[in-house]
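Remarks on the overall topology
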Amino acid sequence: MQLTNCASAVQKPWDKGAFETGKYRNLLAEMGYKQRDIDAKLEEAFHDLFEGPQKIYFETGDTMAYISDIKNNDVRSEGMSYGMMIAVQRDNKEMFDRLWRWSKHFMQHQEGPLKGYFRWSCRTDGTPNSQGPASDGEFYYITSLLFASNRWGNDTGIDYLSEAQFILNSSMDKTGENGVTPLIHPEHQLITFVPTGYGAGFTDPSYHVPAFYEVWARWAEDGRADYWRECARISRAYLQKAIHPETGLNPDYSRYDGSLLNSGRIIGDAFRFDSWRVPMNIALDYSWACEDKEWQRTYGHKIQNFLYAQGVDRFVDQYNVDGTPVSEILGAGGYKKLRHSLGLVASSAAVSLVCSHDKSREFVDHFWNSSHEPYDDGYFDAYYDGLLRLFAWMHLSGNYRIISPANGL
């Protein structure tokens, strides 16, 4: 369908997901932005991350590349797997393969108790900063590998399907011995914060992308399709418990029942950096699966209403889940300040895909007019702000898609 290029053509949220329809909403075009300008926004964000003077992507030798969290001067499984998702979405096989080879060579454990898992942080020369994994990295690795298998097949030098199955099977083989568990907690059937030790006892709301399980159910070919579909259902139910019923805010970490984690061992009971991803993740689940549409629409309105009340161009990036100011500001990159962060500007715009109120347009317009540049105190986050910025443009333009095999869904 050709969308009319005027603001009055903005539609209500769609009632069916792309798993069913194969279609993706271009909200920016609905709002009247010209397609050439939308494409330019996408390309600018990609260029800044992967090619520009403040890039986070670096090729090493003839066959590998890494993505660096510049402010922390390390390579993270989070960023590497995000980069692979971006590469497969853009049909950039060379970039995808380079990132995967670096990940497999330097980050993935090939044997031992952590077999199949990835060191969550390494130096840029590949030296491990930590041997332990963080579950969101594996979550994105698996999904992006399955998309690569669907897009490019498995006989072009890398057997993407086998690599995804190796992670899945290695994870599901964990029994708790040596303190190592499956990525998905066996009892609660929810993703762990980390699948080791203390961190296996709670979860991170921003790790929950239920539609990814739907991808695994369709294309992992690991004999667990029903299990993954059940994980998607349980993940959606969990988010309803973990997110505040009035503000729409969630904590960075929570217990598996959704209650706040007040352990004293980790700062995670407020809406901070990890939490910015939740609105975008819920928009993705709505766009792809649309299995929890009524609650997700209500959620989108609640979080936008809260942020709107703070000022669409002024809301800050850390709150208690009830909307009150935090008593402790979490720092980043040597800076410790509340700010109007681009990453949250991007995510709060992306969730407009589930919204029907007029306020959602203001979030999108504000994001459209935002720029990725140093804040007034000199802080600049090329990595996290930059990645969320690109993902938001992909969502809002209909370019974050399920990649099915050539023979269809």
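This write-up is about the structure you can find in this document. These figures come from a predicted structure and were not determined experimentally.

A count of helices and strands for the protein chain gives 14 helices and 6 strands. In terms of overall size, the protein chain behaves like a compact globule, its C-alpha atoms giving a radius of gyration of 20 Å where 409 residues would be expected to give roughly 22 Å. With the C-alpha coordinates aligned to their principal axes, the bounding extent of the protein chain is approximately 55 × 50 × 45 Å. Relative to its 409 residues, the protein chain shows a buried fraction of 59%. Within the protein chain, counting contacts between residues at least 6 apart in sequence, those at least 24 apart form 68% of the total. When the accessible surface of the protein chain is summed, it comes to about 16100 Å², and 45% of that surface belongs to carbon and sulfur atoms. Averaging the positions of the 41 positive and the 54 negative side-chain charges in the protein chain gives two centres separated by 2 Å.

A few words now on the packing of aromatic side chains. For the coordinates displayed, the defined rule picks out 42 aromatic pairs. Relative to W368, the ring of Y33 lies with its centre 3.8 Å away and its plane at 20°, an arrangement referred to as stacked. Here Y33, found in the loop between α2 (27-30) and α3 (35-50), pairs with W368, found in helix α13 (residues 359-368); they are 335 residues apart in sequence, far enough to count as distant. The two residues Y33 and W368 agree in class, both being buried. Taken together, a centroid distance of 4.0 Å and an interplanar angle of 25° make the contact between F367 and W393 stacked. On the criterion of sequence distance, the pair formed by F367 in helix α13 and W393 in helix α14 (residues 384-396) is long-range, its members being 26 residues apart. For the residue pair F367 and W393, the accessibility class agrees, reading buried in each case. Above the face of the F46 ring, R90 is positioned so that its terminal group lies 3.6 Å from the ring centre. A cation over a ring is seen here: R339 above Y375, with NZ or CZ 4.9 Å from the ring centre.

Let's shift gears to the packing of helix α8 (residues 210-219) against helix α10 (residues 277-288). Their axes nearest at 8 Å, the elements α8 and α10 cross at an angle of 45°. Viewed along their axes, α8 and α10 adopt a mutual orientation that is oblique. Residue-level inspection shows P210, A211, F212 and V215 of α8 in contact with α10, the latter providing L284, D285 and W288.

Applying the stated criterion to the full structure yields 28 salt bridges. In this structure, the salt-bridge partner of E214 is R218, at a minimum N-O distance of 3.7 Å. Here E214 pairs with R218, and both are found in helix α8, just 4 residues apart, close to one helical turn. Classification of E214 as buried rests on a relative accessible area of 10%. A relative accessible area of 33% means that R218 is categorised as partly exposed. Notably, a salt bridge pairs D376 with K337, separated by 2.9 Å at the nearest N-O pair.

Right, let's talk about the side chain of D69 for a bit. Of note, D69 is situated in strand β2 (residues 64-69). The class for D69 is buried, based on a relative accessible area of 2%. A distance of 3.0 Å separates a polar atom in the side chain of D69 from a polar atom in the side chain of K71. Side-chain polar atoms of D69 contact the side chain of N72, separated by 2.9 Å. Not counting residues up to four positions away in its chain, the partners in contact with D69 are D74, R76 and Y383.

Our focus in this paragraph is the sheet that holds strand β1 (residues 57-60). Pairing is antiparallel across the open sheet formed by 4 strands, whose spatial order is β1-β2-β3-β4. Only two strands of the sheet have a single partner each, and these edge strands are β1 and β4 (121-122). On the sheet, helix α4 (residues 77-89) packs against β2 and β3 (74-76) and is oriented at approximately 60° with respect to β3.

What follows covers the nonpolar core. Of all hydrophobic cores here, the largest spans 136 residues; its most connected members are F212, W216 and W288. When sequence neighbours within four positions are dropped, the list of residues in contact with W216 reads F139, I142, T143, L146, L168 and W228.

This paragraph deals with α13. Each full turn of the α-helix corresponds to 3.6 residues, which orients residues three or four apart in the same direction. The complete set of buried residues in α13 reads S360, F363, V364, H366, F367 and W368. Packing partners of the buried residues in α13 comprise α2, α3, α11 (293-310), α12 (342-350) and α14.

Our focus in this paragraph is the pairing of β2. With 6 of 6 residues buried, β2 lies mostly within the body of the structure. Neither face of β2 is left uncovered, since the one carrying M64, Y66 and S68 and the one carrying A65, I67 and D69 both have all their residues buried. Bridge analysis of β1 against β2 gives 4 bridges, and the strand direction is antiparallel. Of the residues in β2, the one forming a bridge with F58 is Y66. Hairpin geometry of β1 and β2 is characterised by an intervening segment of 3 residues between the two adjacent antiparallel strands and by a positive phi of about 65° at G61. Strand direction decides the pairing type here: β2 and β3, joined by 2 bridges, are antiparallel. Of the residues in β3, the one forming a bridge with S68 is V75. Here β2 folds back onto β3 in antiparallel fashion, the turn holding 4 residues, of which N73 has a positive phi close to 55°.

What counts and how
- Residues numbered from 1 in each chain as written.
- Predicted model: local features only at pLDDT ≥ 70, side-chain atom pairs only at ≥ 80, totals over all residues.
- Heavy atoms only, no water.
- Helix = DSSP H or I, 4+ residues; strand = E, 2+ residues; numbered from the N terminus.
- Rg over C-alpha atoms; globule rule 2.2 N^0.38 Å.
- Buried < 20%, exposed > 50% of the residue type's maximum accessible area, 1.4 Å probe, protein only.
- Contact = heavy atoms within 4.5 Å.
- Areas by Shrake-Rupley, 256 points an atom, 1.4 Å probe, with all protein chains shown as cover.
- Lys, Arg positive; Asp, Glu negative; His and termini not counted.
- Charge placed at Lys NZ, Arg CZ, Asp CG, Glu CD.
- Phe/Tyr/Trp six-rings, centres within 6.5 Å; stacked < 30°, edge-to-face > 60°.
- Lys NZ or Arg CZ within 6 Å of the ring centre and 35° of its normal.
- Axes fitted to C-alpha atoms, helices over the stretch in contact; angles between N-to-C directions.
- Parallel < 35°, antiparallel > 145°, perpendicular 65-115°, else oblique.
- Salt bridge = Lys/Arg side-chain N within 4 Å of Asp/Glu carboxyl O.
- Polar contact = N/O pair within 3.5 Å; in protein donor to acceptor, adjacent residues only side chain to side chain.
- Pairing = 2+ DSSP bridges.
- Core = buried A, V, L, I, M, F, W, Y, C linked by side-chain atoms within 4.5 Å.

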